[in-house]
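For reference, the chains in residue letters:
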There are 4 protein chains.
Amino acid sequence: MTDRRQTPPDANRRSEASRRAILMAAFELVGEVGYARLSIEGIAARAGVGKQTIYRWWPSKGAVLFDAFLSLSEGQEGDAALPDTGDLEADLKEVLRATVAELTDPRFDEPMRALNTEIATDPELAARYAEQLEEPMKELKKTRLRKAQEAGQLPADLDLDVAVDLLWGAVHRRWLYRSGPLTSDYADAVVKTALTGLYAR
Amino acid sequence: MTDRRQTPPDANRRSEASRRAILMAAFELVGEVGYARLSIEGIAARAGVGKQTIYRWWPSKGAVLFDAFLSLSEGQEGDAALPDTGDLEADLKEVLRATVAELTDPRFDEPMRALNTEIATDPELAARYAEQLEEPMKELKKTRLRKAQEAGQLPADLDLDVAVDLLWGAVHRRWLYRSGPLTSDYADAVVKTALTGLYAR
Amino acid sequence: MTDRRQTPPDANRRSEASRRAILMAAFELVGEVGYARLSIEGIAARAGVGKQTIYRWWPSKGAVLFDAFLSLSEGQEGDAALPDTGDLEADLKEVLRATVAELTDPRFDEPMRALNTEIATDPELAARYAEQLEEPMKELKKTRLRKAQEAGQLPADLDLDVAVDLLWGAVHRRWLYRSGPLTSDYADAVVKTALTGLYAR
Amino acid sequence: MTDRRQTPPDANRRSEASRRAILMAAFELVGEVGYARLSIEGIAARAGVGKQTIYRWWPSKGAVLFDAFLSLSEGQEGDAALPDTGDLEADLKEVLRATVAELTDPRFDEPMRALNTEIATDPELAARYAEQLEEPMKELKKTRLRKAQEAGQLPADLDLDVAVDLLWGAVHRRWLYRSGPLTSDYADAVVKTALTGLYAR
DNA sequence: TTATAATCGAGACGGTACGTCCCGTCTTGCG
DNA sequence: CGCAAGACGGGACGTACCGTCTCGATTATAA
């Protein structure tokens, strides 16, 4: 049941050293010259690798960059969970502040934008992204919210996907379009407003 | 207002026919081949125009595409305002449904994604985008919310920017990352959840 | 006879089946795609053989092709001799006509051209060619001429190398450069003219 | 009646400087690294030219090399004629010695072999070669022989093409296959033998 | 009869060059 | 002077092969 297309490369013979050199080179370069100027040619040269070795294992420079991100987030997840002190608002503020900090980190800003660009464009890559990075994270978020639901802090019929979109969508939008200052205060305001709602009471 | 570098092109002599042909060609092509494969060379050929005529008036293919969008939304704004029936929830739902409809329209999806990724990458273009398209739209949204504030439906100290981010951020995120079905129902859920807040009451 | 570099391949263990498959594949391919597009990679694939098996036993694709030719002409020589009816002119015409026929045969034309250009370029190969194919043939030709010398038909001080060059050089040149029709009549004319000389008498 | 294929390059706009730089680079490089290692890439780099500029005007590296040869022999022909002192044998010896000298000149040997290789392989190039270089030369040779015919030195029914093949074919063959020393003496022997014929008299 | 060492197929690897596309600049000739 | 046309030097694309280098899996001596 191992349906492979055409003559598949033999993954057993794959050079782990080359793989790592390529991912590292890709990540470095995208930070240095930006995604638009990132080239397979450049990655290969920096990694000390033949171009064919990249083309053999990745379908596009976006896919390389994606794996570079994946390999960064590898190992550090495991049994990770969002903080749960019982105080939902405080916990969410902490998490969103962390998100803001990451998006603001100059070391990650450029590559992350590049990855976002690629994902917005390439549905196949988007699917991999969703499955391997986004969904696990989202599950953590929903788990925390579900706890709050069980504690009666959130209504039982709340659509958790909508809730997550509300919270992270706002932050992400401000980051991506630079439509305003992206600060801890902003994160706090988003959490507070989302929790209590726009309506006056 | 005269700080132009070198000898500026004389806008009076500019060929309106060429300008329009270029913008149309750009918009069509981005829909056909995607932003990545869109080229100045291709636009010039399709528009029956010399490459120099494009380089004379636009700094990048992103800028051309941007103007193509601008020229689409031209004339149709004017005194536009968001609906105001007094029922804030109903009005917001109508507007967000319209947003969803536009983002879902296959004729606009590809070009819009292209524009978005370009804006995420190019800060200068992002500034023009903010000024010429985003801000006017945002002002309309805030105006409607301010009306509700004055009517006492929303608290006086509500940060309207956060409110807008909450509502449109969620929708935009779902569109850009295809992270779930983008439907009228979703728009409704976003509006309702944002207005009443996540908290159980 | 032991000056081989490194650990010499053990010819006893050599796979005769692979050797033959390689030579056959090389000969076929050069006829199909021409010498310029002939590749070791292609020969290996056609022969169902690893590339290393070729590199182990041959130094270049020219050498492979050369051996392919050698293996063709094997066995058919032995005690061969040129015809000797006593009539020098008739005998030479017969031989040159045969040469013309061979050069004209479409099955041999492409490969033969390939071999010739390779020999013109690679002196080492040229030496092997001279020794293993050209010299034996030339010796047969000179033997026939020497008989004629002994019979008094040719002057004793005639340089037989020059004579052979005159006769076969003309034919070969017309073939290689396609500088005119290569026919039996041409062969006859060459023989007759060379024998009697250009001078009117 | 100017049937051109597809969109022909506009020869009026062609850069003469680039053309010359390319031909010079090609000629130099073929002498330095040999034809096999000659590359379009290398020619472009040496000439300080984009690869496309070569591909725009020439179909193959062989064609470039060919034009490089053409441009060498340009201007120097004009009203050229072979020497005619009345002494056919002396005149032919002089000409064949010159041929030998040229073929022996190390500055020309490699490039000339390369050109020969290419011509033997590519019929289209061979046609151009025949028309632009070989035929004019051959015509000069035949003209000289025709003079001798008119003077009664050569029989009226002598096939001049065969005569030329006999003389130059022998020399050319010895050069191309390095089948023996290529000297003035050899040239003399060829002329003498061809004129008087092999037959003893 | 077994180890043991070389050959074999396969194909990944670091490279070079291919021929193509497009970049952004420059030049030419028309209106 | 703007324009269409398009040649130019250059950079990168994705592909084809180069010659070298492991991998097991056969073989065919030599212990």
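What counts, and where the lines are drawn
Residues numbered from 1 in each chain as written. Chains lettered and ligands numbered in written order. Predicted model: local features only at pLDDT ≥ 70, side-chain atom pairs only at ≥ 80, totals over all residues. Heavy atoms only, no water. Phe/Tyr/Trp six-rings, centres within 6.5 Å; stacked < 30°, edge-to-face > 60°. Helix = DSSP H or I, 4+ residues; strand = E, 2+ residues; numbered from the N terminus. Buried < 20%, exposed > 50% of the residue type's maximum accessible area, 1.4 Å probe, protein only. Lys NZ or Arg CZ within 6 Å of the ring centre and 35° of its normal. Axes fitted to C-alpha atoms, helices over the stretch in contact; angles between N-to-C directions. Parallel < 35°, antiparallel > 145°, perpendicular 65-115°, else oblique. Left-handed = near helix turned anticlockwise from the far one by under 90°. Contact = heavy atoms within 4.5 Å. pLDDT = per-residue confidence, 0-100. Buried area = accessible area lost by both parts, 1.4 Å probe. Salt bridge = Lys/Arg side-chain N within 4 Å of Asp/Glu carboxyl O. Nonpolar A, V, L, I, M, F, W, Y, C, P; charged D, E, K, R; others polar.

- In the nomenclature of an unreviewed UniProt entry, chain A corresponds to TetR family transcriptional regulator from the organism Nonomuraea cavernae.

Notes on the packing of aromatic side chains
Aromatic rings considered in pairs are described by the distance between their centres and by the relative angle of their planes.
(1) Moving on: Evaluated as defined, the whole model comprises 12 aromatic pairs over all chains.
(2) Moving on: Seen in terms of ring centroids, B:Phe27 and B:Phe108 are 6.1 Å apart; in terms of plane orientation they differ by 65°. Their pairing is edge-to-face. Taken together, the residues span a long stretch of sequence, with B:Phe27 in helix α1 (residues 16–33) and B:Phe108 in helix α6 (residues 106–121) at a distance of 81 residues.
(3) Moving on: Each ring, one from C:Phe66 and one from C:Tyr129, has its centre 6.4 Å from the other, and the planes form 70°; the classification is edge-to-face. On the criterion of sequence distance, the pair formed by C:Phe66 in helix α4 (residues 61–72) and C:Tyr129 in helix α7 (residues 123–150) is long-range, its members being 63 residues apart. Neither C:Phe66 nor C:Tyr129 differs from the other in exposure class; each is buried.
(4) Moving on: Through a chain of ring-to-ring contacts, three or more aromatic side chains come together here, namely A:Phe27, A:Phe69 and A:Phe108.
(5) Moving on: Over the face of the ring belonging to B:Trp58 we find B:Arg14, whose NZ or CZ atom lies 4.8 Å from the ring centre.
(6) Moving on: Its guanidinium or amino end placed over the ring of C:Tyr35, C:Lys61 lies 4.3 Å from that ring's centre, counting from NZ or CZ.

A word on the packing of helix α1 (residues 16–33) of chain A against helix α2 (residues 40–47) of chain A
Residue and element names in this part refer to chain A.
(1) Moving on: Where α1 contacts α2, the two axes come as close as 8 Å, and the packing angle between them is 120°. The angle between α1 and α2 falls in the class oblique. As for how α1 packs across α2, the hand of that crossing is right-handed. Across the interface between the two elements, Ala21, Ile22, Ala25, Ala26, Glu28, Leu29 and Glu32 of α1 pack against Gly42, Ile43, Arg46 and Ala47 of α2.

Things to note about the confidence of the model for chain A
(1) Moving on: Scored by pLDDT, chain A comes out at a mean of 90, with 93% of its residues at no less than 70.
(2) Moving on: Under a pLDDT of 50 for its full length, residues 1–5 of chain A has, in the predicted model, zero contacts with residues more than four places off or in other chains.

As for the interface of chain A and chain B
(1) Moving on: With 44 residues of chain A in contact, the opposing surface of chain B contributes 44 residues.
(2) Moving on: In total, about 4100 Å² of surface goes out of reach between chain A and chain B, with carbon and sulfur atoms giving 59% of it.
(3) Moving on: The largest share of the area that chain A buries against chain B comes from A:Arg173, A:Leu198 and A:Tyr199, three residues that together contribute 20% of it.
(4) Moving on: At the junction of chain A with chain B, the criterion picks out four salt bridges.
(5) Moving on: Note that A:Asp165 is salt-bridged to B:Arg174, the shortest N-O span being 3.2 Å.
(6) Moving on: Contributing elements (two or more residues each) for the side of chain A that touches chain B: α5 (88–104), α6 (106–121), α7 (123–150), α8 (160–177) and α9 (184–196) of chain A.
(7) Moving on: If you tally residues by element for the side of chain A that touches chain B, the top one is α8(A), at 14 residues.
(8) Moving on: Of the residues contributing to the side of chain A that touches chain B, the split by class is 23 nonpolar, 11 polar and 10 charged.

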